[in-house]
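What follows is each chain in one-letter form.
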Amino acid sequence: MKRFRRHGHESQRDKHKQDLYQFNKTVEHGFPHQPSALGFSPSLQLLAIGTRLGAIKLYGTPGVEFMGLHDENAAVTQVHFLPKQVEMVTLLDDNSLHMWTLRAHNGISELLEIGRFTLSGPPGAPPSVTRVTAVLAHSSGELLLLGTEGGHVFVVEVPGFRELEENNISVENVQNRIPEDYVGRRNLECVEALHENPLNPRQVLIGYSRGLMVLWDLDRQRPIQHFLGTQQLESVWWMEDGVNILSSHSDGSYCQWTVTGEDPQTEPENQEMPYVNTSLSKVMSFILSSPSPPFLIFSGGMPRASYGDRHCISVIHSKTHEALDFTSRIIDFFVIREGENHRGEPSALVVLVEEELVVVDLQSEGWPVIQTPYLVPLHCSAITCSHHVSSIPLKLWERVQAAGALQNTHYSRKPWPIIGGQNLAPDPPQRDLLLTGHEDGTVRFWDASGVCLYPMYKLSTAGVFLTDADPNDNMNQGSEGEWPPFRKVGCFDPYSDDPRLGIQKIHLCKYSGYLTVAGTAGQILIMELNDEAAEQMVEATVVDLLHGQEGFRWKGQARLDVREEPVLFPPGFQPFALVQCQPPAVVTAIALHSEWKLVAFGTSHGFGFYDYHQKNNIMVKCTLNPSDQMAMEGPLSRVKSIKKSLRQSFRRIRRSRVSMRKHHTTNAAKLQEINARLEAEALQEMELAPVQRKIEARSSDDSFTGLVRTLYFADTFVSDSSHSTPSLWAGTNGGAVFAYVLRVPSLERRAEDPVVAHAAKEIQLMHRAPVVGLVVLDGKGAPLPEPLEVAHDLSRSPEMHGSHHLLVVSEEQFKLFTLPKVSSKSKLKLTAVDGSRVRRVGVAWFGSRTDEQLESSLVVLTNQGELHVISLPSIKMMVHYPCIRREDVSGIASCVFTKYGQGFYLMSPSEFERFSLSTRWVVEPRCLVEAPLQMRLKNPSSPVHRDQPDGVPTEHRCVLLQEIQKSLEGDQTTFLENNLKTKPKGNMLSNGGDFFSVPN
């Protein structure tokens, strides 16, 4: 008999989906991957970063962020803001120029590409004639001067990109006016620098790679003065007095020239070589009010034999001289100055290096670093795992903040100096934490409540163990009397002294303040938040997961040795118990129940759980298959040789104080790739290509069948239907589910009576698919609340009168069992033909914008990179969206879901992409950037932003609509209109290439 669905029912269901679910990639957290260019607008107070992948990102005051992506698959080599305007120009390595603008739309700003241009030379001319090497955005805001590899300077009108051929400056015209003995047989080579006279905008300085500099009159189209340098030119700096010019050269010197009008000037007024003959790539100097001496800042010049591979910027002022030593290659730098016209004293030095942004306070004693509110290098050490906690109680939040503040006393107290734009996003409705585990054994706490992922606190586990690190091995400060006077700045340091310290699993109880951290060598640390420093021993409880099994021999890494003396722990999370699994394999699953004071842990060999109140182990269960010898090799066995080699090399480097960081990018990428795959490595051993198989039964002899994938505590009906009992559930890679009934003593007897466990149930899935998630649903079909959540009045008590159900999520299907009989009730198959497998699963709560009631659903990420939302308890597919490229194995493995329908995944080793599946909870920037006052006064009757040139498509806007969406009463459109009248809000684009269209 056929069943016909009613159209009205379908329409109502579709409307319900639209009210609850909406997929958006919202904001990118962290540091841009592979930065290649830096720009700054003093008038807008905006920072711009271009990347090798063609992205362009703008940052202002915290919360003001814009992102755009060039259509061309080319690196951004230069970024230039048009002075005192809201336009900027980018140059790509394919020699194309692109014009961008910030345009207000519905009261919020959008970053739009409004034009593109490529220089075209005369027919038959070589490419070098038009390959751009230097760009000058003229102060008029109407011209671009483009210096080329062939030595020509082209003048282009903007924003229309119209070449003004009559104003071009040919290399022949320049060569004809200089002495023949200077030119000789060599040409002038490429244009290395273009600078505008700070006192006369109609004069520009052209610097050629050969060493020649020419002062050119734009109106008369002729040279005014020639400066005949003899060393290869690297950079030019025209001092604000309009008279003195500095040039830096490849021989490690910088020269001072004077604009006199006497032509030519054959020798510089002064020449200095700060160190030795190694290239000075950039120099700048600032004259301060008398009698204060000037600031001199330059990059490079390190003695090649001893320090040639260091990345340094030297700052000299009065008797203070420091060589700021960075751990990655310097991309570019600029100086922020005080004053209305930004010509006052230098206040901050902003340095973009390959792996971080460093801002140095030039006005405070000691030139301390200013902590960045964004662009923080998440990958200071390679990220190995993540854990998100929603709705942190205020007390815990303040205690973590206080602990973090004690770690940040070395930072400058000056406020963040880049303050462009207005952040119009509402305050976050809740406090969220993102915890990231790292290869060096640290756990970093990030404020993930809003647009900026802000560092709060760093926890290190290395102090508990004896490692290969040398306590005297410190490159942070140079030794006394050392020359050059090095001072290490920045926090990027990807090299771990011992990969066994790597963090693999994290679980934080926000109600009790207990934290569990598990690592690569089978170590599980239980910690408690303490507001005072404490010196204490951390005793290890060794747990044998093989439990008498014979015939197995561990071939992996050794366990970490625990310090036998008391350790002084600073305020913050302090370990008080340690469980050491034997064999010391990677911990693959943990669960914490702070109300029962129990921790469960699992590896590829089995699982157990530990009573951290009485500090003893309760039970272990070996899940190892007799035929599974691969589990005895350890997940590090195939990569440990390269990591050991790298580690030993880095240690030798440090001891000899000669860094090999020149090649750090390649090595760090290898380490990050290795660690991103550690957790999933055992799983990948069994995978075929995603489209090559259908569901089929797996052999019990498959590798890693005993690997524990998930652990779950629940108070439910296991033995009978009339009495609920505490229980522990464990799911393995071989499709097995084990259930243990726990007898937890009453609160009065908790310290004396032991916790007792005995096996109660065992389920073997027919297809032996790996079990990746377990959830118990109460009598109303809702997931059980978190431990202590009901006690803190933040959740209703679970319904204990109806029948409970166990939802088993395997890689291939979702199956619902009744409890306590464990009989199958319903199932949903995910895998059919396309080979999709569940990789990540979480419970999330969804609600509409107009209704306070919340619905629980299951959120799933597959190995195809697709997101699915599945209803509970009916386990029906609601919606699905493409999210991550299926080739991005690391990104899929790194995904973490939040409690309210959002998620994070690593789009690169240094960046989290944030996404939302909810219409109600969305964290996105909302910001507005207005044109400088001078521009508005200059043309008050016309709109601030120019119209888009002809031929540029307008279908897509680079818009990132930012907001943390609260529950709104009444009509949403009316709400926005009423608020935008008084508080205009603005934004940008999302992910690499995914633009959101908005109606005009």
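Looking at an unreviewed UniProt entry, one finds the chain named LLGL scribble cell polarity complex component 2, with Cyprinus carpio carpio as its source organism. Quoted verbatim from the Sequence similarities (unreviewed entry) field of the UniProt record, the comment on the chain reads "Belongs to the WD repeat L(2)GL family." Checking UniProt for the chain, the heading Subcellular location (unreviewed entry) contains the comment "Cytoplasm".

Enquirer: Any chance you could explain the overall build of the chain here in plain terms?
Expert: For the chain, the helix and strand inventory stands at 10 helices and 64 strands. For the chain, the proportion of its 1000 residues judged to be buried stands at 58%. Long-range pairs, those at least 24 residues apart, make up 62% of the contacts in the chain between residues at least 6 apart in sequence. Surface summary for the chain: the accessible area is close to 41,300 Å², and the carbon and sulfur share equals 48%.

Enquirer: Quick question: what am I supposed to make of the sheet that holds strand β52 (residues 756-764) here?
Expert: Sheet strands associate in pairs through backbone hydrogen bonding, adopting either a parallel or an antiparallel arrangement. One open sheet accounts for four strands, arranged β49-β50-β51-β52; its pairing is antiparallel. Strands with a single pairing partner mark the edges of an open sheet, and in this sheet they are β49 (708-716) and β52. Strand-to-strand twist across the sheet, computed as the mean angle between neighbouring axes with direction ignored, equals 20°. Pairing between β49 and strand β50 (residues 725-732): eight bridges, direction antiparallel. Each residue of the ladder has a partner; that of Tyr712, found in β50, is Trp729.

Enquirer: What exactly am I supposed to notice about the sheet that holds strand β17 (residues 222-228) here?
Expert: Overall, antiparallel pairing links the four strands, which are arranged β14-β15-β16-β17 in an open sheet. The sheet terminates laterally at β14 (191-196) and β17, the two strands that pair on one side only. On average, adjacent strands in this sheet sit at an angle of 20° to one another, irrespective of strand direction. In this sheet, strand β16 (residues 212-217) lies alongside strand β15 (residues 203-208) in antiparallel orientation, the contact comprising five bridges. Following the sheet pairing, Ile206 is matched in β16 by Val214.

Enquirer: I keep staring at the nonpolar core and nothing clicks. Help me out?
Expert: Generally speaking, soluble globular proteins have nonpolar side chains that are buried together. In terms of nonpolar packing, the biggest core is built from 35 residues, with Ile297, Ile313, Val315, Phe326, Leu349, Val351 and Leu362 touching the most fellow members. Residue assignment for this core shows that the elements contributing at least two residues are β22 (280-286), β23 (295-300), β24 (311-317), β25 (320-326), β26 (330-337), β27 (346-353) and β28 (356-361). Membership of the second largest hydrophobic core comes to 33 residues, among which are Trp729, Ala739, Val822 and Leu872.

Enquirer: Mind showing me how you'd approach the pairing of strand β37 (residues 503-508) here?
Expert: Within a regular beta strand, the side chains point alternately toward one face of the sheet and then the other, so they alternate between its two faces. Most of β37 sits inside the fold, with five of its six residues counted as buried. Pairing geometry for β37 and strand β38 (residues 514-519), over five bridges, is antiparallel. Paired with Ile506 across the strands is Val517, a residue of β38.

Enquirer: Explanation requested: the pairing of strand β60 (residues 877-882) in the structure shown.
Expert: Sheet topology places strand β59 (residues 866-871) next to β60; five bridges connect them, and they run antiparallel. Paired with Glu866 across the two strands is Pro882, which belongs to β60.

Enquirer: Looking at this model, I keep getting lost on helix α5 (residues 394-407). Mind explaining?
Expert: Structurally, the α-helix is built with 3.6 residues per turn, so residues lying three or four positions apart point the same way. Spanning 14 residues, α5 covers 20 Å between terminal C-alpha atoms, matching the ideal 20 Å at 1.5 Å per step. For α5, the full list of buried residues reads Leu396, Trp397, Val400, Ala403 and Gly404. Projected down its long axis, α5 shows its buried positions confined to an angular sector of 130°, all on one face. α5 presents Lys395 and Leu406 as exposed residues on the side facing more than 90 degrees away from its buried surface. On its buried face, α5 sits against β32 (433-438), β33 (442-447), β34 (454-460), β39 (523-530) and β44 (572-582).

Enquirer: Could you clarify how one ought to interpret the pattern of salt bridges in this entry?
Expert: Any two side chains of opposite charge can pair, so long as their charged atoms come close to each other. Tallying each qualifying case throughout the model produces 29 salt bridges. Note that Glu354 and Arg329 form a salt bridge whose closest N and O atoms lie 3.1 Å from each other. Of the two residues, Glu354 sits in the loop between β27 and β28 while Arg329 sits in the loop between β25 and β26, which places them 25 residues apart along the sequence. The exposure class assigned to Arg329 is partly exposed, which follows from its relative accessible area of 38%. A salt bridge links Lys899 to Glu789; its shortest N-O distance comes to 2.8 Å. Within this pair, whereas Lys899 is found in the loop between β61 (896-897) and β62 (902-908), its partner Glu789 is found in the loop between β53 (771-777) and β54 (805-810), the two being separated by 110 residues in sequence. The burial state of Lys899 is the same as that of Glu789; both residues are buried.

Enquirer: What is the right way to look at the confidence of the model for the chain in this model?
Expert: As a general rule, the predicted coordinates of low-pLDDT regions are not to be interpreted in detail. Across the chain, pLDDT averages 85, with 82% of residues at or above 70. The model gives residues 674-694 a pLDDT under 50, and that stretch makes 53 contacts with residues more than four places away or in other chains. With pLDDT under 50 throughout, residues 940-1000 is counted as low confidence; its partners more than four residues away or in other chains account for 170 contacts.

Enquirer: Explain the side chain of His321 to me, please; I cannot follow it from the model alone.
Expert: Here His321 is to be found in strand β25. A polar atom in the side chain of His321 sits 2.9 Å from the side chain of Tyr275. Filtering out sequence-adjacent residues up to four positions away, His321 remains in contact with Tyr275, Ser314, Val315, Ile316, Trp483 and Pro485.

Enquirer: Honestly, unusual backbone geometry in this entry has me stumped. Any pointers?
Expert: What you tend to see is this: most non-glycine residues have negative phi, and most peptide bonds are trans. For the peptide bond that leads from Leu819 to Pro820, omega is 5°, which places it in the cis range. The omega angle of the peptide bond from Leu872 to Pro873 is 5°, so this bond is cis rather than trans. With respect to the element layout, Pro873 can be found in the loop between β59 and β60. The phi angle at Lys84 is positive, at roughly 60°, despite the residue not being glycine. Along the chain, Lys84 falls in the loop between β6 (76-81) and β7 (87-92).

Enquirer: How do you make sense of the packing of aromatic side chains when you look at a structure like this?
Expert: Remark: the centre distance and the inter-plane angle together describe each pair of aromatic rings, the angle taken between the planes. Inspection of every chain in the model, using the stated rule, returns 25 aromatic pairs. Here the aromatic rings of Tyr457 and Phe573 are separated by 6.1 Å at their centres, their planes lie at 50°, and the arrangement is tilted. Linking Tyr457 in strand β34 with Phe573 in strand β44, this pair joins segments that are 116 residues apart in sequence. Take Tyr457 and Phe573: they sit in the same class, and that class is buried. Linked through ring pairs, Phe23, Tyr881, Phe897, Tyr905 and Phe915 together constitute an aromatic cluster. Directly above the ring of Phe333 sits Lys282, whose terminal nitrogen or CZ lies 4.7 Å from the centroid.

Enquirer: Which parts of the structure should I look at to understand the environment of Ser908?
Expert: Position of Ser908 relative to the elements: it lies in strand β62. C-alpha separation for the pair Ser908 and Pro32, spaced 876 residues apart in sequence, amounts to 8.4 Å. In terms of polar contacts, Ser908 uses its side chain to reach the side chain of Glu911, at 3.0 Å.

Criteria and thresholds
Residues numbered from 1 in each chain as written. Predicted model: local features only at pLDDT ≥ 70, side-chain atom pairs only at ≥ 80, totals over all residues. Heavy atoms only, no water. UniProt positions renumbered as here; feature names shortened; annotations may be inferred. Helix = DSSP H or I, 4+ residues; strand = E, 2+ residues; numbered from the N terminus. Buried < 20%, exposed > 50% of the residue type's maximum accessible area, 1.4 Å probe, protein only. Contact = heavy atoms within 4.5 Å. Areas by Shrake-Rupley, 256 points an atom, 1.4 Å probe, with all protein chains shown as cover. Pairing = 2+ DSSP bridges. Axes fitted to C-alpha atoms, helices over the stretch in contact; angles between N-to-C directions. Core = buried A, V, L, I, M, F, W, Y, C linked by side-chain atoms within 4.5 Å. Expected span 1.5 Å × (residues − 1). Arc of directions from axis to C-beta. Salt bridge = Lys/Arg side-chain N within 4 Å of Asp/Glu carboxyl O. pLDDT = per-residue confidence, 0-100. Polar contact = N/O pair within 3.5 Å; in protein donor to acceptor, adjacent residues only side chain to side chain. Phe/Tyr/Trp six-rings, centres within 6.5 Å; stacked < 30°, edge-to-face > 60°. Lys NZ or Arg CZ within 6 Å of the ring centre and 35° of its normal.

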